[in-house]
Amino acid sequence: MKPEKRIADWEVWGVAIVVSLAAIALLHYRGVNGETVAETIQNIGAAVIPILAAFVAARLVMRNMSLEDKCLHVGEDALRRLQAKNPGMLKGPKANRENYDQENSGDVGRYIFFQRNNNGRKAQFIPLLPLKGGIVEIRVPKMAMLLLGSEREGLEMEQKDLLAKVQVSVKTMLERNYPGSFEILSHKHEDIAIVVDFDESRLSLRRFGKAVEACADTALKTVVDTLR
């Protein structure tokens, strides 16, 4: 059994055990009799069965996914976790435009965005589509810098300096925590700080998700600390 599968199994069974122990503790507090035993069994079943059913359903869905879709799924989950930790700074993942159609996306993709406190204006941070190929592409557009307090004067030079700092910080983190499992790709986009191509054969899906989150978190902290 793969390590990430064992961990996921233990997480689910751990929740089930905690729920069961809580119900048994309540039984002990209320006293043991036919009525309380029956009620406890009913409560355990009502709590545990939906958890196990949801776990099995999720496992079946993941099993039928292609490797590309699995990478996208865990990568998107990683970005959602980061957004939840930084709700006043990041939004998404969501579509770049309102008329996004997942089945016919064309050039309209989904991103996690820089967006301050739902003020309406946003700037691309990380696109989701490259995650299918195990690729994390980190962008810091000028709009993101303006949203975070930069002035328009000298913005182009400031952006070049910031992009370089983000590249160095992300690459340093990867060399420390994920040696031998990634490649830095070249690019020509003026807003891209770094493009990281992970070797899926060297990373489990769980570890890939953690790497995506680590890249995004490192980049965000570098941007915020630089513009503070």
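Everything in this summary refers to the structure shown in the same document.

Cut-offs applied
Residues numbered from 1 in each chain as written. Predicted model: local features only at pLDDT ≥ 70, side-chain atom pairs only at ≥ 80, totals over all residues. Heavy atoms only, no water. Helix = DSSP H or I, 4+ residues; strand = E, 2+ residues; numbered from the N terminus. Buried < 20%, exposed > 50% of the residue type's maximum accessible area, 1.4 Å probe, protein only. Contact = heavy atoms within 4.5 Å. Areas by Shrake-Rupley, 256 points an atom, 1.4 Å probe, with all protein chains shown as cover. Axes fitted to C-alpha atoms, helices over the stretch in contact; angles between N-to-C directions. Parallel < 35°, antiparallel > 145°, perpendicular 65-115°, else oblique. Left-handed = near helix turned anticlockwise from the far one by under 90°. Expected span 1.5 Å × (residues − 1). Pairing = 2+ DSSP bridges. Core = buried A, V, L, I, M, F, W, Y, C linked by side-chain atoms within 4.5 Å. Nonpolar A, V, L, I, M, F, W, Y, C, P; charged D, E, K, R; others polar.

Let's talk about the overall build of the protein
Logical step 1: Check the secondary structure of the protein and you find six helices and six strands.
Logical step 2: When the helices and strands of the protein are placed in sequence order, the string is α-α-α-β-β-β-β-α-α-β-β-α.
Logical step 3: Within the protein, buried positions represent 37% of all 228 residues.
Logical step 4: Within the protein, residue pairs in contact and separated by at least 24 positions form 60% of the contacts whose partners lie at least 6 positions apart.
Logical step 5: As displayed, the protein offers around 13,300 Å² of accessible surface, 55% of which is attributable to carbon and sulfur atoms.

Examining the packing of helix 3 (residues 67–85) against helix 6 (residues 205–227)
Logical step 1: Helix 6 packs onto helix 3 with a crossing angle of 40 degrees between their chain directions and a minimal axis gap of 8 Å. Comparing their axes, helix 6 and helix 3 come out oblique. Regarding helix 3 and helix 6, the two cross each other, and that crossing is right-handed. From helix 3, Leu67, Lys70, Cys71, Val74, Gly75, Ala78, Leu79, Arg81, Leu82 and Lys85 reach across to helix 6, where they touch Leu205, Phe208, Gly209, Val212, Glu213, Ala216 and Asp217.

Brief notes about helix 3
Logical step 1: For helix 3, with 19 residues, the first-to-last C-alpha span of 27 Å sits near the 27 Å given by 1.5 Å per residue.
Logical step 2: Buried residues of helix 3: Cys71, Leu72, Val74, Gly75, Glu76, Ala78, Leu79, Leu82 and Gln83, and no others.

Examining the sheet that holds strand 2 (residues 110–114)
Logical step 1: Pairing in this open sheet of three strands is antiparallel, and the strands run 1-2-3 from one edge to the other. Only two strands of the sheet have a single neighbouring strand rather than two, namely strand 1 (90–95) and strand 3 (123–127). Ignoring which end each strand starts from, the neighbouring axes of this sheet average 35 degrees apart.
Logical step 2: In terms of strand pairing, strand 2 meets strand 3 through four bridges, oriented antiparallel. Within strand 3, the position partnered with Phe114 by the bridge is Ala123.
Logical step 3: The strands that helix 3 touches are strand 1, strand 2 and strand 3; relative to strand 1, the one it contacts most, it runs at about 145 degrees.
Logical step 4: Strands strand 1, strand 2 and strand 3 of the sheet are contacted by helix 6, whose axis makes an angle of about 155 degrees with strand 3.

Section: the pairing of strand 4 (residues 135–139)
Logical step 1: Most of strand 4 sits inside the fold, with four of its five residues counted as buried.
Logical step 2: Where strand 4 and strand 6 (residues 192–198) come together, five bridges link them in antiparallel fashion. From the neighbouring strand, Ile138 faces strand 6, where its bridge partner is Ile194.

Looking at the nonpolar core
Logical step 1: Among the nonpolar cores identified, the biggest contains 47 residues, and Phe114, Phe125, Ile138, Val166, Val170, Leu174 and Phe198 are the most heavily contacted of them.
Logical step 2: Looking at this core, the elements with two or more residues in it are helix 3, strand 2, strand 3, strand 4, helix 4 (142–147), helix 5 (155–177), strand 6 and helix 6.
Logical step 3: Excluding its chain neighbours within four sequence positions, the residues that come into contact with Phe198 are Gly134, Val136, Leu174, Ser181, Phe182, Leu203, Phe208, Ala211 and Cys215.

Description of the environment of Val74
Logical step 1: By secondary structure assignment, the location of Val74 is in helix 3.
Logical step 2: Along the chain, Val74 and Leu131 lie 57 residues apart, while their C-alpha atoms are 9.0 Å from each other.

What to know about the packing of helix 5 against helix 6
Logical step 1: For the pair helix 5 and helix 6, the least separation of the axes is 9 Å and the interaxial angle reads 145 degrees. The crossing of helix 5 and helix 6 is right-handed. Of the residues in helix 6, those touching helix 5 at Glu158, Leu162, Lys165, Val166, Ser169, Val170, Met173, Leu174 and Asn177 are Arg207, Ala214, Cys215, Thr218, Ala219, Thr222, Val223, Thr226 and Leu227.
Logical step 2: A per-class count over the contact of helix 5 with helix 6 returns ten nonpolar, five polar and three charged.

Here we look at the sheet that holds strand 5 (residues 182–185)
Logical step 1: Across the sheet, three strands lie side by side as 4-6-5; this open sheet has antiparallel pairing. What marks the edges here is a single partner per strand, and that holds for strand 4 and strand 5. Along the sheet, successive strands turn relative to each other by an average axial angle of 20 degrees, direction set aside.
Logical step 2: Here helix 5 sits on the sheet in contact with strand 4, strand 5 and strand 6, set at roughly 25 degrees to strand 6.

Points about the pairing of strand 6
Logical step 1: In terms of residue burial, strand 6 counts as a mostly covered element, since six of its seven residues are buried.
Logical step 2: Here strand 5 folds back onto strand 6 in antiparallel fashion, the turn holding six residues.

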